[in-house]
Structures are given as structure tokens and as C-alpha cells.
Amino acid sequence: MIKVVLLDIDDTLLDFQGYVKESLQEGFREFNLGEYHEGVYATFTRINTALWHEIEEGKLTIPDLRRVRWNRIFGELGVTYDGAAFEDYFRGRLFHSAIRVEGAMELLEYLYGRYILAVASNGPYAQQVNRLKNGGMLDCFTGIFVSEKIGVSKPAPAFFDACMAELNEGRVDPILPGEVLMVGDSVSSDMKGAIGYGMKTCYFNRFGKGLPEGMTVDYEITHLEHLIGLI
């Protein structure tokens, strides 16, 4: 029986991709970086995904992103600008961003009171908390588990160790990993980490990407509302 639902934030509850497109269009205009086009977003997505995989593998830290991310992106785009300065602009806008994914509030309203709810996110702690607050979601959660505060990122077992330790603090009958459902859009961090830890899994296949061969999840949904009634 599921007792706890862990939910990812970016591109699960809050629309990170929508935020990125808005920020890139505004940033290119504000800093006179040339005309924005879809290739800019595609380059960001490819490089950002690779960098976050390095973070998940422990090869890169979140503070490293400030000096690496936009310098690498601008290098490929042929844009001459201080990448670290643009990172500050990018993070500043992200700190206040709260574009909800369609169906996110409806799902939370269904889950609230039925399960213990917590977020499990890779990212800066204050930023993620503020975004949940601005999105009107923060009060839904008993636990806020964010990699910067924990000190390790999903999919590392130590991340989920920290989640379980806090969830079970003061409990006489501990919650077991098999009683926890991880809901997220990332195969590499959410699904891989939860499966390895013995948790149940719900893959939010928002963008129509298939699972790797041999990977099995408990649930797969394309819209958040589809989880309503499944558990």
C-alpha cells in the first residue's frame, strides 16, 4: 500500500521548459545577443541535459553550473557574452518562476489528505522552495527534499536515504521504500533512483519519450490527471 508520494518539481509540477523559452527570448532581447530562434532552445536543452547528467553522476556540482553552463552554450552559438553573468540573470528569473504544468494542482488536490506528500528535486534549495510557494503548492507538502540541502543528487541512494530518514523520524512503524511512490519525468534521476531504492514508480512521460530497454515502471502517464484514480 502506498503511504507516501514523492513528486519531482521541474517539468513535473512546474514547467521548466516553458520558463526557459520565456527567459531566453527576453534575455536575448535585453542583452542584445542577437535574434532568438528555436536553435537556441535546442542547444540549451542538449547542453543542460548533459550537465545535469554529470551532476547526477557526481562529476559536477550545482555551483559549477554558474561558470560552465552558459559559457558552453554561448560558445556553440557563437555568442560573445559573459556566461556567468547570464547565468545570474537566468537563475534570478528562475527563482521566481512558477508556471504550473497542466493538471498539477488538480493532482495535488486529489493526493492531499490521502497520502503523505513530499517533493524530491535536484536543484538549489531556496529557489525550489520559492517556486513552490509562488505556484501555490508549498503548503501541500510535508517534506521538501532538495539535492543542494541534502548534499547529493538523485539518483544516488544517499538522496533517498535522506528522504526516508526524515519521513520516518519519530515514527514507531517505519515507512518502507515499497510504500513510497516516486512521480517524475526523468528516467535517469527519478525512475532509475527510485527503482534502485525499491520504491514504486510513476513515469510522467510528458514529452513522449520511451523508457530504456529493460526498464519497467509501475505506472506511466502522459498527463498528471491520469494518476488520479490509479492509486
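Everything here concerns the structure above.
Residues numbered from 1 in each chain as written. Predicted model: local features only at pLDDT ≥ 70, side-chain atom pairs only at ≥ 80, totals over all residues. Heavy atoms only, no water.

Caption draft 1: Region of the structure containing the nonpolar core. Counting 31 residues, the largest nonpolar core has Leu 7 and Phe 141 as the members making the most contacts within it. If you list the elements that add at least two residues to this core, you get β1 (4-7), α5 (104-111), β2 (116-121), α6 (125-134), β3 (143-146), β4 (180-184) and β5 (200-204). Among the elements that take part in this core, α5 stands out by supplying six residues, more than any other. Counting residues in hydrophobic clusters, the runner-up holds 26 residues, among them Leu 33, Tyr 36, Phe 86 and Tyr 89. (Core = buried A, V, L, I, M, F, W, Y, C linked by side-chain atoms within 4.5 Å. Buried < 20%, exposed > 50% of the residue type's maximum accessible area, 1.4 Å probe, protein only. Helix = DSSP H or I, 4+ residues; strand = E, 2+ residues; numbered from the N terminus.)

Caption draft 2: Quick peek at helix α2 (residues 38-56). Taking 1.5 Å of rise per residue, the 19 residues of α2 would be expected to cover 27 Å, and the 27 Å separating its terminal C-alpha atoms lies within 8% of that figure. Residues Val 40, Tyr 41, Thr 43, Phe 44, Ile 47, Asn 48, Leu 51, Trp 52, Ile 55 and Glu 56 constitute the buried set of α2. Contacts made by the buried residues of α2 are with α1 (16-30), α3 (64-77), α4 (83-96) and α9 (187-197). Gly 58 lies just past α2 and shows a positive phi near 80°. (Expected span 1.5 Å × (residues − 1). Contact = heavy atoms within 4.5 Å.)

Caption draft 3: The arrangement of the side chain of Thr 12 in detail. Relative to the helices and strands, Thr 12 is located in the loop between β1 and α1. Residue classification places Thr 12 among the buried positions, given a relative accessible area of 0%. The residues touching Thr 12, leaving out its near neighbours within four places in the chain, are Val 101, Val 183, Gly 184, Asp 185, Phe 204 and Leu 224.

Caption draft 4: Focus on unusual backbone geometry. Going from Lys 154 to Pro 155, the amide bond is cis rather than trans, its omega being 15°. Of note in this structure, Asp 11 is not a glycine but carries a positive phi near 65°. Structurally, Asp 11 is set in the loop between β1 and α1. Of the residues examined, Asp 11 reaches a relative accessible area of 6% and is grouped as buried. For Asn 32, which is not a glycine, the phi torsion comes out positive at approximately 55°. Position of Asn 32 among the secondary structure elements: in the loop between α1 and α2.

Bear in mind that shape data such as this cannot, by itself, settle questions of function.
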